[in-house]
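In case you want the letters, here they are:
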Amino acid sequence: MATLNLWLQVSLLSLLAMFQSSVFGESQVPCFFILGDSLVDNGNNNNLETTTKANYPPYGIDFPEGPTGRFSNGRNIADIIAQFLGFDEYIPPFATARDQDILMGVNYGSGGAGIRDESGTELGAVISLNQQLLNHQIIVSRIGDLLGSKEEAANYLSKCIYYVGMGSNDYINNYLLPQYFNTSQLYTPEQYAVVLIQQYSQQLKTLYKDGARKVALFGLGEIGCTPAEMTNYGTNGTACVEVIDEDVQLFNEGLSSLVDELNNNLTDSEFIFVNITEISTGDASAYGITNANASCCVESSSTGKGLCAPDLAPCSNRTLYAYWDGFHPTEVANLFLATGAYNALAPLISALELDSDEGSYII
């Protein structure tokens, strides 16, 4: 009965998001751009030479289109936020975005990608944040062609929301892998967080130069609480791998300070810090989640680290699990996180006012 009630809650929330967009006919913002890693990847890694891909069963078992490259059983966090924003279609991945579709936004996310170019490369090819920014420049140019000028494109882009979530793989697939990367020998955890934030700052300023004015910067979750890292390192009787979460917290503190710095220096823009760690400490049981420490699917030893083994049946009670595989949330956990993140986006949304008569967005 509890599982049925949860299913009804999730379904009603999903229907509400779709109902709002279909009834009012317009999204709250004209476009939504997404830069990030596997938490938001919706197919960009499918054709890369990498083990970090999710275009096979049981991924997508609860997604209408089946396995699409999303690292979940269903929608990812960016999909759900887009629905909350009123989009009636999923934001297309850069790999397949074409023609007028790019005006609603583009998803550049890539599993394994990081702030540093080398992060994740031990698993194969990745689309790093630097490359995602180059891909965005291609899209900006195309939008200029569609709208008639660079000036029109800049005006249009200034009314869009940008989701940027990077840094997890700079730990999971870099700093925590001394057998592949030397960053842990070069930097203390404090120094590494500073180095990452410095590079991230320059990348975000590049995004700003390319027209971004409303940017949501997503902090890192508690990586030490993921099933894969708890298995890899052990917890010594604690709830999670505390040393990893302490390192990640240094990054989050630096990111929060960076948001203040960017807002002080780029006064015609607005950056916000979305504290995923804080959101995740909320009452997930209200969404029916009771298993926070195990993955729902059977993890593979032959595919990418912490990913599902191909074609093996996952747990049947997926709505009770926080984690789908060793690192990535289930759809219900993504709904829980996306709800908190959408509430955090309120300052960006309120900065834009929809003129419903003319269908145009004005500051």
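Description of the structure in this document. Predicted model only: the values in this text are computed from it and were never measured.

Here we come to the overall build of the protein chain. If you tally the helices and strands in the protein chain, you get twelve helices and eight strands. Of all intrachain contacts in the protein chain linking residues separated by at least 6 positions in sequence, the fraction that spans at least 24 positions is 72%. For the protein chain, the exposed surface amounts to about 15,200 Å²; the carbon and sulfur share of it is 52%.

The grouping of Asp88, Glu89, Asp99 and Asp101 at the surface amounts to a negative patch. Within the element layout of this structure, Asp101 appears in the loop between helix 2 (77–84) and helix 3 (129–147). Take Asp101: its relative accessible area is 40%, and that puts it in the partly exposed class.

Further remarks concern the sheet that holds strand 3 (residues 214–218). The four strands lie next to each other as 1-2-3-4, forming an open sheet whose pairing is parallel. On the outer flanks of this sheet lie strand 1 (32–36) and strand 4 (270–274), each paired with one strand and no other. Each strand axis lies, on average, 20° off the axis of its neighbour in the sheet, ignoring direction. Note: strand 2 (residues 161–165) against strand 3, three bridges, orientation parallel. Bridge pairing links Val164 to Leu217 in strand 3. Contacts between helix 3 and the sheet are confined to strand 1 and strand 2, with strand 1 contributing the most and set at about 160° to the helix.

Before going further, it helps to examine the pattern of salt bridges. Two side chains with opposite charge may pair up if their charged atoms get near one another. Evaluated as defined, the whole model comprises five salt bridges. Arg318 is the salt-bridge partner of Asp62, the closest N and O atoms lying 2.6 Å from each other. A residue pair is termed long-range when its members are at least 10 positions apart, and Asp62 in the loop between strand 1 and helix 2 and Arg318 in the loop between strand 5 (291–295) and strand 6 (321–323) qualify at 256 residues. Judged by its relative accessible area of 33%, Asp62 falls in the partly exposed class. What makes Arg318 buried here is its relative accessible area of 18%. In this structure, the salt-bridge partner of Arg213 is Asp268, at a minimum N-O distance of 3.3 Å. Within this pair, whereas Arg213 is found in the loop between helix 7 (189–209) and strand 3, its partner Asp268 is found in the loop between helix 9 (242–265) and strand 4, the two being separated by 55 residues in sequence. Asp268 gets classed as partly exposed once you look at its relative accessible area, which sits at 45%.

Our focus in this paragraph is the packing of helix 2 against helix 11 (residues 331–344). Where helix 2 meets helix 11, the axes come as close as 8 Å, and the angle between the chain directions of the two elements is 50°. Between helix 2 and helix 11, the angle is such that the two are oblique. Of the two elements, helix 2 crosses helix 11, and the hand of that crossing is right-handed. For the pair helix 2 and helix 11, the contacting residues are Ile77, Ile80, Ile81 and Phe84 in the first and Glu331, Asn334, Leu335, Leu337, Ala338, Thr339, Ala341 and Tyr342 in the second.

Residues Phe33, Ile143, Tyr162, Tyr171, Tyr200, Leu217 and Phe251 are the most contacted members of the largest nonpolar core, which totals 52 residues. Not counting residues within four places of it along the chain, the set of residues in contact with Phe251 comprises Ile115, Met166, Gly167, Tyr171, Ala193, Leu196, Ile197, Tyr200 and Leu220. Among the nonpolar cores identified, the runner-up in size contains 37 residues, and Ile279, Ala284, Tyr287 and Ile289 belong to it.

Applying the stated criterion across every chain, the model contains 17 aromatic pairs. Here the aromatic rings of Tyr187 and Tyr192 are separated by 6.1 Å at their centres, their planes lie at 35°, and the arrangement is tilted. The exposure class assigned to Tyr192 is buried, which follows from its relative accessible area of 0%. Joined through ring pairs, the aromatic side chains of Tyr171, Tyr175, Tyr187, Tyr192, Tyr200 and Phe251 make up one cluster. Against the face of Tyr90 rests Arg70, its NZ or CZ located 5.1 Å from the ring centre. In this structure, Arg213 is placed above the aromatic ring of Tyr208, and the distance from its NZ or CZ to the ring centre is 3.8 Å.

Tracing the chain through its elements places Asn252 in helix 9. Residue classification places Asn252 among the buried positions, given a relative accessible area of 4%. If near-sequence neighbours (up to four positions away) are discounted, Asn252 is found in contact with Gly219, Leu220, Phe273 and Thr277.

Here we come to helix 4 (residues 150–157). Burial in helix 4 covers these residues: Ala153, Tyr156 and Leu157. Burial along helix 4 is one-sided: seen end-on, the buried residues are contained in an arc of 95°. Where helix 4 is buried, its residues meet strand 1, helix 3 and strand 2.

Across the five residues that make up strand 2, a large majority, five, are buried. The side-chain alternation of strand 2 yields two buried faces, one formed by Ile161, Tyr163 and Gly165 and the other by Tyr162 and Val164. In the sheet, strand 1 pairs with strand 2 via five bridges, with the strands oriented parallel. Bridging across to strand 2, Phe32 finds its partner in Ile161.

In the structure shown here, the tally under the stated rule is four disulfides. Here Cys225 connects covalently by a disulfide to Cys240, the sulfurs 2.0 Å from one another. Negative torsions about the S-S bond denote left-handed disulfides, and the value of about 100° found for Cys225 with Cys240 makes this one right-handed. Highlighted residues: Cys225 in the loop between strand 3 and helix 8 (227–233) and Cys240 in the loop between helix 8 and helix 9, separated in sequence by 15 residues. Classification of Cys225 as buried rests on a relative accessible area of 11%. With relative accessibility at 12%, the residue Cys240 sits in the buried group. Between Cys296 and Cys315 runs a disulfide, and the two sulfur atoms are separated by 1.9 Å. Across the S-S bond linking Cys296 and Cys315, the dihedral sits near -105°, which makes this disulfide left-handed. Of this pair, Cys296 sits in the loop between strand 5 and strand 6 while Cys315 is found in the loop between strand 5 and strand 6, placing the two residues 19 residues apart along the sequence. Both residues of the pair, Cys296 and Cys315, count as buried.

The rules behind each value
- Residue positions within a chain follow its written sequence, with the count starting from 1.
- Local features are withheld for residues below a pLDDT of 70 in this predicted model, meaning they are given only at 70 or higher, and side-chain atom pairs are given and counted only at 80 or more; totals for whole chains, interfaces and linings count all residues.
- The side-chain quantities take in all heavy atoms of the structure and omit both hydrogens and water.
- Segments assigned H or I by DSSP are reported as helices when at least four residues long, segments assigned E as strands when at least two residues long, and all are numbered from the N terminus.
- Working rule for contacts: check all heavy atoms of both residues, and any pair within 4.5 Å makes them a contact.
- Every accessible area reported is derived by Shrake-Rupley at a probe size of 1.4 Å, with residue values counting cover from the shown protein chains alone.
- Like charges within 9 Å and nonpolar side chains (Val, Leu, Ile, Met, Phe, Trp, Tyr) within 5 Å are joined into patches, using only residues over 30% in relative accessible area that form no salt bridge.
- By definition, a salt bridge exists where a carboxyl oxygen of Asp or Glu is found within 4 Å of a side-chain nitrogen of Lys or Arg.
- Neither His nor the chain ends is counted toward charge; the positive residues are Lys and Arg and the negative residues Asp and Glu.
- Where a charge lies is defined by one atom per residue type, namely NZ (Lys), CZ (Arg), CG (Asp) and CD (Glu).
- When a residue's accessible area, from a 1.4 Å probe over protein chains only, is under 20% of the maximum for its type it is buried; when over 50% it is exposed; and in between it is partly exposed.
- Two strands make a pair as long as DSSP finds a minimum of two bridges between them.
- Only C-alpha atoms enter the line fits that serve as axes; for helices the fit covers just the stretch in contact. Angles between N-to-C directions range over 0 to 180 degrees.
- Each angle is binned into one of four classes, with values under 35 degrees roughly parallel, values over 145 roughly antiparallel, values of 65 to 115 roughly perpendicular, and all other values oblique.
- Should the near helix be turned anticlockwise from the far one by less than a right angle, the crossing is termed left-handed; should it be turned clockwise, right-handed.
- As used here, the term nonpolar core means buried Ala, Val, Leu, Ile, Met, Phe, Trp, Tyr and Cys residues forming a set that is joined through side-chain atoms within 4.5 Å.
- Between rings of Phe, Tyr and Trp, where Trp is taken as its six-membered ring, a pair exists when centres lie within 6.5 Å; planes separated by under 30 degrees are stacked, by over 60 edge-to-face, and by other angles tilted.
- The rule is short: NZ of Lys or CZ of Arg within 6 Å of the ring centre and within 35 degrees of the ring normal puts a charge over the ring.
- The directions considered for the arc run from the helix axis to the C-beta atoms.
- The definition used for a disulfide is geometric: two cysteine sulfur atoms within 2.5 Å.

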